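A structural walkthrough
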Amino acid sequence: MIGGKRFVVRKRKDNRLSHFESRLLAEGVRAVEGESPSLSTSISNAQSSSFEKLLLLRAKHDQNSPQISALFSHFHKVTKNLYSLFAFILFFFGATAVNKMMFTEQLSTVNFFWAFTLFFIPNLFMFVIWLLLFLKPEMLQSSSMSRFSLGVIKFFENRFNKAESEKQNYLALFNCYFSLHFGKFLGRYQLSKLTHLLWLSYFTGATLMLVLMLATHQVDFVWQTSILSSDSFQSLTQLLAFLPQQLGFPVPSHEQIQQSYLGATDLLDAENRRLVWSSLLISSLLLYGLLPRLFLYLLMRYLFKHKKKTFQLDLSHTYYVQLRQLLKPNKTTLGITDPDMESGKSSVQLGPDIGTINKENHLPESFYPIGVELSVKQHSIAKSHQVLSQAPSLEPMINVCDYLAQQKILVDLKHPKCRTVVLYVALGRLPDRGLKRFLGQLTSLSELSFYLALVVEKKQSKQRDSDWYQLAKEVFIPLDNIVLIELQGDKHE
Amino acid sequence: MSDLSVAVVGHANAGKTSLMRTLLRDSEFGEVADQAGTTRHVEGGALLIDESNRLSLFDTPGLEDSIALLQILSAYFPEQNVDGIERLQYFLEHLTDYPELQQEAKVLRALLSSDLIFYVIDLREPILGKYHDELKILSYATKPVIPVLNFTFEAEENITLWKEQLARLNFHAYVSFDNVHFQFSDELKIYQKMQTLLADKESLLDELIALREKQWSDTFQSAKQLVANLFIEAASVRYQSDDNESAISAQTILLQQSVRQAESHCVQQLLQLYQFRQSDIENQALPVSQGKWELDLFSSDNLQAFGIKLGGHIAKGAGVGVAIDVAVGGITLGAAALSGGVVGALWSVKQRYYNEIQAKIKGKRYLCVDDETLQVLWLRQLQLLTTLQQRGHASFNKIALENSLNVNADSLPKKWNRYLRKLRSFPQWSSLNNQRDQSEYYKRELLLKELIDEI
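Predicted, not measured: the structure shown is a model, and the values here were computed from it.

Some points on the overall build of chain A
Across its full length, chain A carries 19 helices and nine strands. Taken across its 493 residues, chain A has 47% of its residues classed as buried. Counting only contacts in chain A whose residues sit at least 6 apart along the sequence, the fraction spanning at least 24 positions is 84%. When the accessible surface of chain A is summed, it comes to about 25,000 Å², and 60% of that surface belongs to carbon and sulfur atoms.

The structure is reproduced here in structure tokens:
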């Protein structure tokens, strides 16, 4: 209940969540949204903040945030209550165990080492198991303890909090909350904390019951053995008594240990012996059982809190990678910085499809051939076409590829040997303004007739056909003077 | 915000806007068409490096008439030794004399206001005088120029010719970057080339390279997660049906729908991750067929898993029993330990086989996705992932999800059968099943990791 309030109260007080709470909330939003994030919350100053900050801010302002916080508070409360219940049960077990083992009506003597063994061997055994699991966190994470805890929590939820468990997104948030608390990062501290809490409760119950029973019952402490020597027991008892003695607890002396051997009947010092053996048993429970578990519990509590403070979201997860693209894109648009003031070029297709209408057109018997910006292959196709179309000796074809060649052709055509000029260009080449200017300069020469021979290497888009048609029109080459030269196997038209 | 600005220039249709799209991972940037003069404005986009720095890229109109422009520039200041940059500035001051060169003027303004120039070359083109003139004009701007060789995939044979030509004009720091057949390493080479040319921006560009690498690797990692997760979903799904034809047929349709939907969702997410349009895909429906759920109690895998689980549960049950024995002072004389072991064993059997045995008794059967379908699903996703990794954002061709894939031992993970057996043992791992739960979730995560490593 207290823990449950803390989450909400802190949020209300200064409107700020702790490091872990804010990330838990973000994970909650992820659980609600599923695999595909959306950008329903608008975030200002997105450019000046890191992605993680933005993502936490988004979670805080998410419309589901109150519902998620409330459910997480509820889970916190349930966990805390169940831990308290488990602790109480173990407290009861501890007290019962002392009662059953040591204070039956028939017995007025207690075998000290048997009592000690019954308390400490299982404790030691479980401690070793815990240590192994703690050092291998992945085992602890998938351990029975984890499954048991989750199973019990689920059971209690279904049994006592049915209304809560029917809330929207309950299951997703339940899985989210507990997979974080029992997961890879925090799970081993959470479960270790629980383990030590339970043993602490057990020993607390046992110690209190022991004190109570010893205060109200009279028992004699004995020890016995069949296979060990009495010297071994002497040494063992002294070893066990060393720490309590250092801390001022009365412990049995050498003689008192010997006198307590089963069968010894020295009644003179019986009261004193009862006192020192009781003191040793109580102090052993305290020093070897209760206090180590208390220390480990506090240590795990501290480590758990510390780990929570260093908890990081796995931003390489698909959800967060997608969210980053939405929340803090790695690019931005700068818009148009130097606009075009003229009207854009028309991309409307003009006239008929060149490829379909001009195949049958024929060139004049003699002409002046000019290649314009042809590649080696295109030039070769054009030359082959020229050879097939006219006497090869007439004029060699020049391929105009630069300014000097352009100027030379312009000069040559001022005194033409032939009145017809065929301009070979590649249909694949983009009819740009440079080409238009040059072809315009050529066609402006009077008394010459121009043909446009389009060399087709591979089929082009209709838009390209149209662009050439447009260019021809703009430089005053009539449609009838456009010829298509297609590469058909090794033959050219 | 501090900018490192780059002007992207080149002849019309060389792929300037496509380069922008690919670098910005933005299929919507500018306008791309197979036509001269498509880009008529100078338009910018920026890659954000950190909170205060960015790499700004400016797309420019094509240099369509460099021959005329160079002649005009050369004609200025006859008989005087004047540098190119003064010629450019003089031209811009007298622009009203050349209304036909407005587009070229925009390019020149972008050149002069940028820190660096990317000159995009269409390698499919022969080396023409106009390209020579374009490079000469660029050299007048006194800015470092990186020639970017585009369409390397289609015109690899022209690379040598272009390199020679560039070397003649003293441009040695070129990079190959195909806008359609994208290689991320080529993008990094661009930034590395920028580093060599802009020594004072070296650390900033280092930061940019690290950032882009991280973004790329995060994206790839996420994509692998998606694919591996889809496989787990599809392979562990099972639908229960009555053992008659009509019920099986109805459940099969539902099974097919759910698997196709899961795949479609995964494809959508992959496209979104790589920032492509959803319309970029041409999907062929996955041919999902149903296989009967084979539960062989005596298969070695089942026995092994069962043996381990049984042992574990007996030990745990007995452990609980011992604790009870101890807690009650041994008065139960170990009976609790014994009964705990028995309960543990029974629990183990119930946990593993309860549903199957119940189904068997009630005459139901389980339907699952057959092996061949899963193979196609796996390979289709891998093929898609490879395509997305190598696709430029200027590509127009649709991505096809093929069904006719060559399936052989090498194309599938070596542990394919083991994965399949495992996944079919854990129907609770699939969200396509109604009763998904978190049990053995840790094992699911481990398997997910294994599958990711297989990609």
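Next comes the rest of the account.
Observations regarding a nonpolar patch on the surface
All names here are of chain A. There is a patch of nonpolar side chains on the surface, built from Leu 85, Phe 88, Ile 89, Phe 91, Phe 92, Phe 93 and Leu 208 and spanning about 640 Å² of accessible area. Per-element accounting of the nonpolar patch gives the leading share, six residues, to helix α4 (residues 65-102). Within the fold, Ile 89 resides in helix α4. Of the residues examined, Ile 89 reaches a relative accessible area of 33% and is grouped as partly exposed.

Here's the deal with the environment of Tyr 403 of chain A
Structurally, Tyr 403 of chain A is set in helix α17 (residues 403-412). Sequence-wise, Tyr 403 of chain A and Phe 438 of chain A are 35 residues apart; in three dimensions their C-alpha atoms are separated by 9.5 Å.

Observations regarding the nonpolar core
Counting residues in hydrophobic clusters, the biggest one holds 85 residues, and the most contacted among them are Leu 55, Phe 75, Met 102, Phe 119, Phe 221 and Tyr 320 of chain A. Setting aside chain neighbours within four positions, we find Met 102 of chain A in contact with Val 110, Ala 115, Phe 119, Leu 210, Val 219, Phe 221 and Leu 281 of chain A. Membership of the second largest hydrophobic core comes to 80 residues, among which are Leu 205, Trp 429, Leu 447 and Ile 452 of chain B.

Side note on the interface of chain B and chain A
Each partner contributes residues to the interface: chain B has 64 residues there, and chain A has 66 residues. For the pair chain B and chain A, the summed buried area comes to about 5,600 Å², and 48% of that belongs to carbon and sulfur atoms. With its nearest N and O atoms 3.1 Å apart, the salt bridge here joins Lys 130 of chain B to Asp 432 of chain A. Counting across the chain B and chain A interface gives 20 residue pairs in polar contact (both at pLDDT 80 or more). For the side of chain B that touches chain A, the element with the highest residue contribution is helix α8 (residues 202-236) of chain B, accounting for eight residues. Taken together, the residues of the side of chain B that touches chain A sort by class into 21 nonpolar, 23 polar and 20 charged.

Remarks on the domain arrangement of chain B
Residues and elements named next belong to chain B. On domain assignment, one finds that chain B holds domain 1 (2-197) and domain 2 (219-454). When domain 1 packs against domain 2, the two sides together hide about 1,000 Å² of surface, and 50% of this comes from carbon and sulfur. Considering only the side of domain 1, the residues that lose the most area to domain 2 are Arg 25, Ser 27 and Phe 182, jointly responsible for 46% of the buried surface there. Scanning the region where domain 1 abuts domain 2 turns up one salt bridge.

Examining the sheet that holds strand β5 (residues 145-150) of chain B
Adjacent strands of a sheet form backbone hydrogen bonds with each other and so pair up, either parallel or antiparallel. Spatially, β3(A)-β2(B)-β3(B)-β1(B)-β4(B)-β5(B)-β6(B) is the arrangement adopted by the seven strands of the open sheet, whose pairing is mixed. Every interior strand has two partners, whereas the edge strands, β3 (331-338) of chain A together with β6 (175-176) of chain B, have only one. Direction of pairing for β5 of chain B relative to β6 of chain B: parallel, over a ladder of two bridges. What sits directly across from Leu 149 of chain B, in β6 of chain B, is Ser 176 of chain B. In the packing of helix α5 (residues 129-140) of chain B onto the sheet, the strands contacted are β1 (2-10), β4 (116-122) and β5 of chain B, and the crossing angle to β4 of chain B comes to about 175°.

Quick word on empty space enclosed by the protein
Under the counting rule described, the total for this entry stands at two cavities of 30 Å³ or more. Empty space within the largest cavity amounts to approximately 70 Å³. Around the largest cavity, the lining is made up of 14 residues, and of these Glu 373, Gln 406, Gly 434 and Leu 435 of chain A together with Ile 67 of chain B lie nearest the centre. Of all the elements, helix α18 (residues 433-443) of chain A adds the most residues to the lining of the largest cavity, at four residues. For the lining of the largest cavity, the per-class residue count stands at five nonpolar, three polar and six charged. Taken as a whole, the second largest cavity encloses approximately 30 Å³ of empty space. For the second largest cavity, the full set of lining residues is Arg 25, Phe 182, Trp 216, Tyr 274, Phe 276, Leu 388, Gln 389, Arg 391 and His 393 of chain B. Its residues assigned to classes, the lining of the second largest cavity shows five nonpolar, two polar and two charged.

Describing the packing of aromatic side chains
All names here are of chain A. All chains considered together, the criterion is met by 32 aromatic pairs over all chains. Considering the side-chain rings of Phe 75 and Phe 174, the 5.5 Å spacing of their centres and the 90° angle between planes classify their relative orientation as edge-to-face. Of the two residues, Phe 75 is situated in helix α4 and Phe 174 in helix α9 (residues 170-181); the sequence distance between them amounts to 99 residues. Each member of the pair, Phe 75 together with Phe 174, is buried. Cluster of aromatic residues (ring-pair linked, three or more members): Phe 72, Phe 75, Tyr 170, Phe 174, Tyr 177 and Phe 178. For Arg 188, the ring lying beneath its charged end belongs to Phe 134, and the centroid distance is 4.8 Å.

Conventions we followed
- Residues numbered from 1 in each chain as written.
- Chains lettered and ligands numbered in written order.
- Predicted model: local features only at pLDDT ≥ 70, side-chain atom pairs only at ≥ 80, totals over all residues.
- Heavy atoms only, no water.
- Helix = DSSP H or I, 4+ residues; strand = E, 2+ residues; numbered from the N terminus.
- Buried < 20%, exposed > 50% of the residue type's maximum accessible area, 1.4 Å probe, protein only.
- Contact = heavy atoms within 4.5 Å.
- Areas by Shrake-Rupley, 256 points an atom, 1.4 Å probe, with all protein chains shown as cover.
- Patch = residues over 30% accessible without salt bridge, like charges linked within 9 Å, V, L, I, M, F, W, Y side chains within 5 Å.
- Salt bridge = Lys/Arg side-chain N within 4 Å of Asp/Glu carboxyl O.
- Core = buried A, V, L, I, M, F, W, Y, C linked by side-chain atoms within 4.5 Å.
- Buried area = accessible area lost by both parts, 1.4 Å probe.
- Polar contact = N/O pair within 3.5 Å; in protein donor to acceptor, adjacent residues only side chain to side chain.
- Nonpolar A, V, L, I, M, F, W, Y, C, P; charged D, E, K, R; others polar.
- Domains from an automatic or database assignment.
- Pairing = 2+ DSSP bridges.
- Axes fitted to C-alpha atoms, helices over the stretch in contact; angles between N-to-C directions.
- 1 Å grid on protein atoms, 1.4 Å probe; cavity = no way out; pocket = protein on both sides within 12 Å on 5 of 7 lines; lining within 4 Å.
- Points joined across faces, edges and corners; volume = space filled by probe spheres on them.
- Phe/Tyr/Trp six-rings, centres within 6.5 Å; stacked < 30°, edge-to-face > 60°.
- Lys NZ or Arg CZ within 6 Å of the ring centre and 35° of its normal.

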